[in-house]
Amino acid sequence: MSTQANTGKSRPVEQVDSVTIRFVGDSGDGMQLTGTESTKASALAGNDLATFPDFPAEIRAPAGSLAGVSGYQVNFGSRDIFTPGDQPDVLVAMNPAALKTNLQDLRPGGMLIVNSGAFTDQNLEKAQYKSNPLADEALKKNYKVISVDMNKLTEAALAGSGLSSKEIARCKNYFALGVMYWLYSRPVEIQFEAIRAKFKKKPEIAEANIKVFTAGHAFGETSEIFHQQYMVPAAKLEPGLYRNVTGNQATALGFATVAKVTGKEVFLGSYPITPATEILQEMSYFKDQGVVTFQAEDEIAGIGSAIGASFGGSLACTTTSGPGLALKSEMIGLAVITELPLVIVNVQRGGPSTGMPTKTEQADLFIALFGRHGEAPLPVLAAKSPGDCYYTAIEAMRIAVKWMTPVIMLTDGYLGFGSEPFRIPEDGEIKGFDVKYQTSPNYNGQYMPYLRDNKLIRPWAIPGTAGLEHRVGGLEKDSLSGMVSYDGMNHEKMVKTRAQKIANVVEDVPDVEVDGAASGDLLLVSWGGAYGSVKSSADQLRAQGKKVSHVHLRWLNPLPKNLGQVLRSFKKVLVPEVNNGQLAFYLRGVFPGIDPLQFNRINGKAIKVSELVAKVNEILG
């Protein structure tokens, strides 16, 4: 049943399984806010969902320009949702530039809601239109075009409000949101509360936005343009308390949970960099929960402070993106040679160099695996979804502490900025892990910092502990005392020992699980943020009767013990990834005789399910 804000003509309500909506406009049009509020409404309605914001790298690109378009896509449904959607069913375009840069993605026959008031001669020229596209009959033939002068209707709703023209213009995004609330049968009271909470320090702005939102809702209800409403039933989610979470928020929550379940201080030393900055911001909220955050002056200082905190006994982490990971590489080598626990979170973005800061990519696998001088192996894990960032952060810290090693945790902009419903764990559900410090001499009344156990793990002694004085540093050290050593045979021993210790981590790596049959015509192998697209593709292909299975890798070093056997159980292996073939190259080197096919997209966006399905069908003939 739909919820009506006012009395008016009732419309038929069509039930649909899922809907993808994209809001696009100028950077100052509030599209991120509009998308976020739409996401919250879907979450409160019990829908499963996935989102992805898309915005320019410039702080403020010229208004109305193609480079200044900002967007937010949300895919919500009554079934499992793994991606933000290939093509929007509804495109809300607030100006000509937004229309021009996004129209090609709207599915044929989809609904196009346009703010016609922004289609002025000046804006059309900025968007490089020679004529008004709203007058093009082809547009109306290919899409359900809803042309609404939101500028004029917003001004009418706020006539006599006392707000300036600029303040009134900023409210028009709520008109679009009100229309969408009506179209998808959302209760308006939730949004009223959200607006008042967001603008509680500016009640006059809150009431203005409520008026505009209500006007948009009423427009949908009373106009003759819309012939029906839609309703998306709640999804069958696992029982529990849920919240909407981005990957960056989930990562911060994961580290905060580590502080709670271990009772130890978690220290984050970091430098702001898109798209990882939010982890630093979010973790700063947990200072009363045993989390310490330090914003350093640069990337090297950020990781340096974290290594220092680890030496002092804290559970340390640092966050960055590709350019920062390159800068941190020498210090990561220091953490490797000193064998101190540290988690390095890399939220990948388009590269190389500063590349495309706000666009996603999976192109940092090589630098994570091999990007240090000398022999410096370390464990590498990758999260598969925004919510999985929480569990991957906990796992990465557990591995770092248990094995006395730095660990790289890979996410990406698609996960870091994207969101999904996250079931909040019950008390006691997340188990703690031991954090052991050496408290007494371990060798003939002396302390030997590199005297190892049977797994080759060295002890961890907090500086200042009586009788456990020792030194660490970047120079090679004696295999027992830790004193500086230039002996070649000792160096070889230490290199091989450190490598074997990381190889031993495989005991904590679970076997890969095959989604689908254990053998068949083709195996899809994914890692990181490609999970949702590949999982959805595999499901579709099996529904078509294809003998296709799927394996997803969380662990990239060490690789799961059974991976080679699984790969050899299929006639063909296809690796889809948002890079130019890094995992495929890696698998060829590790597993002789395995030559995976590749499916690569490097356009700053997630892999489209439709394109991957078409590729597999092409391969299978």
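This text goes with the structure placed above it.
Conventions and cut-offs
- Residues numbered from 1 in each chain as written.
- Predicted model: local features only at pLDDT ≥ 70, side-chain atom pairs only at ≥ 80, totals over all residues.
- Heavy atoms only, no water.
- Helix = DSSP H or I, 4+ residues; strand = E, 2+ residues; numbered from the N terminus.
- Expected span 1.5 Å × (residues − 1).
- Contact = heavy atoms within 4.5 Å.
- Polar contact = N/O pair within 3.5 Å; in protein donor to acceptor, adjacent residues only side chain to side chain.
- Buried < 20%, exposed > 50% of the residue type's maximum accessible area, 1.4 Å probe, protein only.
- Pairing = 2+ DSSP bridges.
- Axes fitted to C-alpha atoms, helices over the stretch in contact; angles between N-to-C directions.
- Lys, Arg positive; Asp, Glu negative; His and termini not counted.
- Salt bridge = Lys/Arg side-chain N within 4 Å of Asp/Glu carboxyl O.

K.L.:
Describe helix H17 (residues 488-504), and please don't skip the residues or the numbers.
P.N.:
In a regular helix each residue adds 1.5 Å, so 17 residues correspond to 24 Å; H17 covers 24 Å between its end C-alpha atoms and thus fits that length. Those residues of H17 that are buried are in contact with helix H13 (322-338), helix H15 (388-403) and strand S19 (555-557). N-cap assignment for H17: the residue whose side-chain oxygen lies 3.3 Å from the backbone N of Met489 is Asp487.

K.L.:
Lay out helix H9 (residues 203-222) with the relevant residues and their values.
P.N.:
Taking 1.5 Å per residue, 20 residues should reach 28 Å; H9 reaches 28 Å between its end C-alpha atoms and fits that length. Among the residues making up H9, those that are buried are Ile205, Ala206, Ala208, Asn209, Ile210, Val212, Phe213, Gly216, His217, Phe219, Gly220 and Glu221.

K.L.:
An account of the sheet that holds strand S13 (residues 342-348) is requested, with residue identities and associated values reported.
P.N.:
In a beta sheet, neighbouring strands are held together by backbone hydrogen bonds and run either parallel or antiparallel to one another. Strand order across the open sheet formed by seven strands is S11-S10-S12-S13-S15-S14-S19, with mixed pairing between neighbours. Edge strands, defined here as strands with exactly one partner in the open sheet, are strand S11 (291-295) and S19. Strand-to-strand twist of the sheet, defined as the mean angle between neighbouring strand axes without regard to direction, takes the value 20 degrees. Pairing of strand S10 (residues 266-270) with strand S12 (residues 315-320) involves three bridges; the strand directions are parallel. For Phe267, the partnering residue across the bridge sits in S12 and is Ala316.

K.L.:
Hey, could you go over the side chain of Glu420 for me, with residue numbers and the actual values?
P.N.:
Relative to the helices and strands, Glu420 is located in strand S16 (residues 419-423). Look at Glu420: it is buried, it has no salt bridge, and the nearest opposite charge is Lys384 at 8.7 Å. Apart from residues lying up to four places away in sequence, Glu420 is in contact with Leu49, Arg243, Asn244, Val245, Ser385, Pro386, Gly387 and Asp388.

K.L.:
Describe the pattern of salt bridges, listing the residues and the values that go with them.
P.N.:
One pass over the full model with this rule turns up 29 salt bridges. For the salt bridge of Arg542 with Asp515, the shortest nitrogen-to-oxygen distance reads 3.3 Å. With a gap of 27 residues between them, Arg542 in helix H18 (residues 531-543) and Asp515 in the loop between H17 and strand S17 (520-527) connect regions that are remote in the sequence. Here the residues in one salt-bridge network are Glu395, Arg398, Lys402, Lys455, Glu507 and Asp508, joined through shared partners.

K.L.:
Summarise unusual backbone geometry; cite the residues concerned and give the values.
P.N.:
Along the chain, Thr274 connects to Pro275 via a cis peptide bond; the corresponding omega equals 5 degrees. Counting through the fold element by element, Pro275 comes out in the loop between S10 and helix H11 (277-283). Note that the residue after Gly351, namely Pro352, is joined by a cis bond; omega there is 5 degrees. Tracing the backbone shows Pro352 in the loop between S13 and helix H14 (365-370). The phi torsion at Gln128 lies on the positive side, around 65 degrees, for a residue other than glycine. The topology assignment puts Gln128 in the loop between helix H3 (121-126) and helix H4 (137-142). Overall, Gln128 belongs to the exposed group, its relative accessible area being 56%. Notably, Ser353 is not glycine yet its phi reads approximately 55 degrees, a positive angle. Residue placement: Ser353 occurs in the loop between S13 and H14.

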